[in-house]
Amino acid sequence: MNDLKAKLARHLMALSYVQGEVTLTSGRKSDYYFDCKQTALHPEGGYLIGKLFLDMLKGSDARGVAGMTLGADPLVAAVSVLSHLEGRPLPAMIIRKASKGHGTDQYLEGLKNFRPGDTVALLEDVVTTGGTLITSAERLRAAGFKVGDVLCVLNREEGGPERLAEAGLTLRSIFTRNELLAAARG
C-alpha cells in the first residue's frame, strides 16, 4: 500500500470509523458507522482523499467531478482544488437531494462550469447499496451529462458494486472495509 493510502487509513480509523450498532441511510442495521466527513473535513484527510481520487482519475476522460450533498461536498471540493494545483482543472458540481424549490429550481449546482455532454466522474464517501450513486447518475444524465468514473472512499462490501453494475456503473474504491481494517492493523 502506498504511503498516502496508509496515512489516509490512519485518519479514517481515528476520525471516521465508529464501532457499534447503527441504522444506515439504506435502512440496514450495521455493527459499525463510517462518518467520512470527519476525515474529509480535516486538512490532511481532505488532501489525502482528494489526491488519491485524482490519482484514480489519471487517464480518465472526466471533465469534472460531482457528488450528492452532503457526503460528497468536501470530496468534490478537494478534488477540484487539487486538480487546479496539478494543472488538470476539474470543476466540481454538487447534486442536491431535492430540487432547489426556488430560483432556477435545479438539482445541480455548478452547471456554468460544465458544457452539455461533458463526462463527469461521480464521487461518494461510503457505498452500501449504491442507491445514492444511482440517483446521482440519473440526475446527471437527465441534465445532459455522461457519467464516467464512479469512485468512493469506502466500499462497505454489502452489494453496492453489484447493484451499480446492474445500472451500468462500475465502482472503484480507495478502500473496501476489509482493506481499511487490514491497513489499520498494518
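For every chain, the first residue of the written sequence is number 1, and numbering continues from 1 along that sequence. Under the rules for a predicted model, residues below a pLDDT of 70 receive no local features and side-chain atom pairs below 80 are neither given nor counted, while totals for whole chains, interfaces and linings still include all residues. In computing side-chain properties, one takes all heavy atoms of the structure into account and sets aside hydrogens as well as water.

Caption draft 1: Quick look at the sheet that holds strand E5 (residues 108-109). Only strands that DSSP links by at least two bridges are regarded as paired with each other. Here a strand is any run of E in DSSP of at least two residues, a helix any run of H or I of at least four, and the numbering for each starts at the N terminus. Ordered in space as E5-E4-E3-E6-E7-E8, the 6 strands form an open sheet in which the pairing is mixed. Bordering the open sheet on either side are E5 and strand E8 (171-176), each of which pairs with just one other strand. Here 7 bridges tie strand E6 (residues 119-127) to strand E7 (residues 146-155), and the two strands are oriented parallel to one another. For Leu122, the partnering residue across the bridge sits in E7 and is Val150. On the sheet, helix H1 (residues 3-16) packs against E7 and E8 and is oriented at approximately 70° with respect to E8. Any pair of residues with heavy atoms lying within 4.5 Å of one another is described as a contacting pair. Between N-to-C directions, angles cover 0 to 180 degrees, with each direction set by a line fitted to C-alpha atoms, over the stretch in contact for helices.

Caption draft 2: Highlighting unusual backbone geometry. For the peptide bond that leads from Thr69 to Leu70, omega is 10°, which places it in the cis range. By the element assignment, Leu70 lies in the loop between strand E3 (64-68) and helix H4 (73-85).

Caption draft 3: Broad picture of the nonpolar core. Among buried residues, the Ala, Val, Leu, Ile, Met, Phe, Trp, Tyr and Cys ones that are joined through side-chain atoms within 4.5 Å form a nonpolar core. Note on classification: 1.4 Å probe, protein chains only; a residue is buried when its accessible area is under 20% of the maximum for its type, exposed when over 50%, partly exposed between these limits. Of all hydrophobic cores here, the largest spans 34 residues; its most connected members are Phe34, Phe53, Val153 and Phe175. In terms of residue count, helix H3 (residues 43-56) provides more of this core than any other element does, 6 residues in total. The contact partners of Val153, leaving out residues within four places of it in the chain, are Leu12, Phe34, Cys36, Ile49, Phe53, Leu75, Glu124, Asp125, Ser173, Ile174 and Phe175. Counting residues in hydrophobic clusters, the runner-up holds 20 residues, among them Ile95, Ile134, Val150 and Leu171.

Caption draft 4: Here's a closer look at the pattern of salt bridges. One speaks of a salt bridge when a side-chain nitrogen belonging to Lys or Arg is within 4 Å of a carboxyl oxygen belonging to Asp or Glu. For the structure shown, the criterion picks out 12 salt bridges. Between Arg96 and Glu109 there is a salt bridge, with the nearest N and O atoms lying 2.9 Å from each other. Separated by 13 residues along the polypeptide, Arg96 in the loop between strand E4 (92-95) and E5 and Glu109 in strand E5 bring together distant segments of the chain. Given a relative accessible area of 27%, Arg96 falls into the partly exposed group. Under the relative-accessibility criterion, Glu109 is labelled partly exposed at 25%. Note that Arg156 is salt-bridged to Glu158, the shortest N-O span being 3.1 Å. The buried category is assigned to Arg156, whose relative accessible area is 4%. Connected through shared salt-bridge partners, Lys51, Asp55, Lys58 and Glu86 make up one network.

Caption draft 5: Fine view of the pairing of E7. Of all 10 residues that make up E7, 8 are buried, and the element is covered over most of its length. Place the viewer so that the strands point away; then a crossover is right-handed whenever the path from the first strand over the helix to the second strand goes clockwise. Note that the unit made of E6, helix H5 (residues 131-142) and E7 has a crossover that is right-handed. Pairing analysis gives 5 bridges linking E7 to E8, with the strands arranged parallel. Paired with Val150 across the bridge in E8 is Leu171. Running through helix H6 (residues 160-166), the crossover from E7 to the neighbouring parallel element E8 is right-handed.

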